[in-house]
Amino acid sequence: MAMLIKNKNMAFSLILMCLFVVYPMANAQISGLLGGATVVNIQGLVTCSTNGSVSTNTTSIPPFAGVPVLLQCAGQNVTTTTTGANGVFSFPSSTVLPISLLSTLLNSGCRAIVTAPLSTCNASLPTNGLLTAPLNLAGTIVTGGINILQFVNGLFRLI
């Protein structure tokens, strides 16, 4: 049984990682970084959990679907989006990240904030507080003179 759960968690993690790499993400376009046009892709996953878990020892934790997620950098609200049925969010391609905020993003000064109460997902969870997660650089791709910076959320925590 433990091996089945471990393999199930590993499979879920691999699928989630594929989503982070392949799924169309936020396209905040910035020019001038690294000598060419730069696209910043930001996406993540929100689960119905106070600590960002995707599973426990016996069950998987459901995604937090249909909730608003705010992108905040250096205390400035930049844009919002909504999670899909699978709890995945990405910011729209029309989001333009000001060049002044790019260094903030690269220096871990941006975060994703779920603005709906966690009790919306599960009535037994807290009604107060916000889920917040740092945004981390997952990788950089340079293709055709365009620099693509891939960001994903860290673990969401209730604050």
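Residues numbered from 1 in each chain as written. Predicted model: local features only at pLDDT ≥ 70, side-chain atom pairs only at ≥ 80, totals over all residues. Heavy atoms only, no water.

By the naming in an unreviewed UniProt entry, the chain goes by Pollen Ole e 1 allergen and extensin family protein and is assigned to Brassica rapa subsp. trilocularis.

Across its full length, the chain carries 2 helices and 9 strands. Helices and strands in the chain line up, N terminus first, as α-β-β-β-β-β-α-β-β-β-β. Counting the 159 residues in the chain, one finds 40% classified as buried. For the chain, contacts bridging at least 24 residues in sequence account for 55% of all contacts bridging at least 6. (Helix = DSSP H or I, 4+ residues; strand = E, 2+ residues; numbered from the N terminus. Buried < 20%, exposed > 50% of the residue type's maximum accessible area, 1.4 Å probe, protein only. Contact = heavy atoms within 4.5 Å.)

This next bit is on the nonpolar core. Counting 27 residues, the largest nonpolar core has I42, V46, V114 and F156 as the members making the most contacts within it. Contributions of two or more residues to this core are made by β2 (37-45), β3 (68-73), α2 (99-106), β6 (110-114), β7 (131-143) and β8 (146-153). (Core = buried A, V, L, I, M, F, W, Y, C linked by side-chain atoms within 4.5 Å.)

Turning our attention to unusual backbone geometry. With a phi angle near 50 degrees, A74 is a residue other than glycine that sits in the positive phi range. In this structure, A74 sits in the loop between β3 and β4 (76-82).

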